[in-house]
Amino acid sequence: GDSVTQMEGPVTLSEEAFLTINCTYTATGYPSLFWYVQYPGEGLQLLLKATKADDKGSNKGFEATYRKETTSFHLEKGSVQVSDSAVYFCALTSNAGGTSYGKLTFGQGTILTVHP
Amino acid sequence: DGGITQSPKYLFRKEGQNVTLSCEQNLNHDAMYWYRQDPGQGLRLIYYSQIVNDFQKGDIAEGYSVSREKKESFPLTVTSAQKNPTAFYLCASKKSFQGQHEQFFGPGTRLTVL
C-alpha cells in the first residue's frame, strides 16, 4: 500500500538557518503530494502541494519539488524563523483508483524547533 | 468565515463510557474524515464519508462509530470497545472525495480517558 517516510526529528535550528526535512514515498500511480504544518495544540494547515512530477510547491518561503525519479518531496526553507517552530507532515493522495483513491496518507511528522 | 469547528477542545471521560465528538463544517464540502493522532505518529484514518448518508471504515475503525445525516455534520462516537481511546482527534473535510483538492482540518479534540 501507500506509505510516506519522513526524516526523524526533532530538528533544532537557530534563527536564519537553512532547513531541509526529507520525505520519500511509495505509491501506486501518480500521487499528489502535500506538506501540512501543525502548530502546538492546533489542527493541520496545508503549507504547500504538488500534483505532478517536477512541480514545485511554495508558500511562506517554504518550497518542495515533486521528484518522481527519487520518489521524494523534500521540504526546504532558506532562513527559518522562531515562528516556524511546529510539526511538519508530509502526505500523499493516491490517484490510482481502488480503495485507496482519494485517501490521504501521512508520514509520522517532524518536530521543528527554532531558537532565537 | 467558512471553516471546520470541533467541540469540545478538551474532553475527559471515565473508562467504559461512550463519548461523542462533534465536527461541523460550513464549506459545503461533500467529503469528511476523522483522524486519530498519537504522539510521535502521523495521522491515522478512522472513518470517512464521501457524501451524506454514506460512510466507510478507514484503517483503524474498531471501537469507533460515525453518522452522516447532514452534509455539514460528521460526529464520531468513541465506544467502550476502543481499547486505548486517549488521543488527539482531528476532523477534516474536502470539496469532493475524488480529485486533488486539499483537505481542511478542524482544530481538534483532545480526549483523555481516566
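Let me begin by describing the structure that accompanies this report. Predicted model, so just to flag it, every value in this text is computed and none were measured. (Residues numbered from 1 in each chain as written. Chains lettered and ligands numbered in written order. Predicted model: local features only at pLDDT ≥ 70, side-chain atom pairs only at ≥ 80, totals over all residues. Heavy atoms only, no water.)

1. What about the layout of surface pockets?
The gaps left among the atoms become clear once a water-sized probe is rolled over them.
Inference 1: Within this model, the largest pocket holds a volume of roughly 410 Å³.
Inference 2: Around the largest pocket, the lining is made up of 23 residues, and of these A:Gln38, B:Gln37, B:Asp38, B:Pro39 and B:Gly40 lie nearest the centre.
Inference 3: Top element by residues in the lining of the largest pocket is strand S10 (residues 86-93) of chain A. It accounts for three residues.
Inference 4: Here the residues of the lining of the largest pocket are counted per class, giving ten nonpolar, ten polar and three charged.
Inference 5: Counted as a void, the second largest pocket has a volume near 210 Å³.
Inference 6: Contributing to the lining of the second largest pocket are 13 residues, with A:Asp2, A:Lys103, A:Thr105, A:Phe106 and B:Asp59 lying nearest its centre.
Inference 7: Where the lining of the second largest pocket is concerned, the elements lending two or more residues are strand S11 (104-106) of chain A together with strand S5 (43-51) of chain B. (1 Å grid on protein atoms, 1.4 Å probe; cavity = no way out; pocket = protein on both sides within 12 Å on 5 of 7 lines; lining within 4 Å. Points joined across faces, edges and corners; volume = space filled by probe spheres on them. Helix = DSSP H or I, 4+ residues; strand = E, 2+ residues; numbered from the N terminus. Nonpolar A, V, L, I, M, F, W, Y, C, P; charged D, E, K, R; others polar.)

2. Topic: the side chain of B:Asp38
Residue and element names in this part refer to chain B.
Inference 1: When you line up the elements, Asp-38 lands in the loop between strand S4 (31-37) and S5.
Inference 2: Asp-38 sits in the buried class, given a relative accessible area of 11%.
Inference 3: Within the structure, the side chain of Asp-38 is placed 2.8 Å from the side chain of Arg-36, a separation counted as a polar contact.
Inference 4: Within the structure, the side chain of Asp-38 is placed 2.8 Å from the side chain of Arg-44, a separation counted as a polar contact.
Inference 5: Among all residues touching Asp-38, those that are not within four sequence positions of it are Arg-44, Thr-86 and Ala-87. (Buried < 20%, exposed > 50% of the residue type's maximum accessible area, 1.4 Å probe, protein only. Polar contact = N/O pair within 3.5 Å; in protein donor to acceptor, adjacent residues only side chain to side chain. Contact = heavy atoms within 4.5 Å.)

3. Let's talk about the pairing of strand S3 (residues 19-25) of chain B
Residue and element names in this part refer to chain B.
Inference 1: Alternating positions in S3 separate cleanly, Val-19, Leu-21, Cys-23 and Gln-25 being buried on one face and Thr-20, Ser-22 and Glu-24 remaining unburied on the opposite face.
Inference 2: Looking at chain direction, strand S1 (residues 4-7) and S3 are connected through four bridges and run antiparallel. Looking across to S3, one finds that Ile-4 is bridged to Gln-25.
Inference 3: With three bridges connecting them, S3 and strand S8 (residues 76-78) associate as antiparallel partners. From the neighbouring strand, Leu-21 faces S8, where its bridge partner is Leu-76. (Pairing = 2+ DSSP bridges.)

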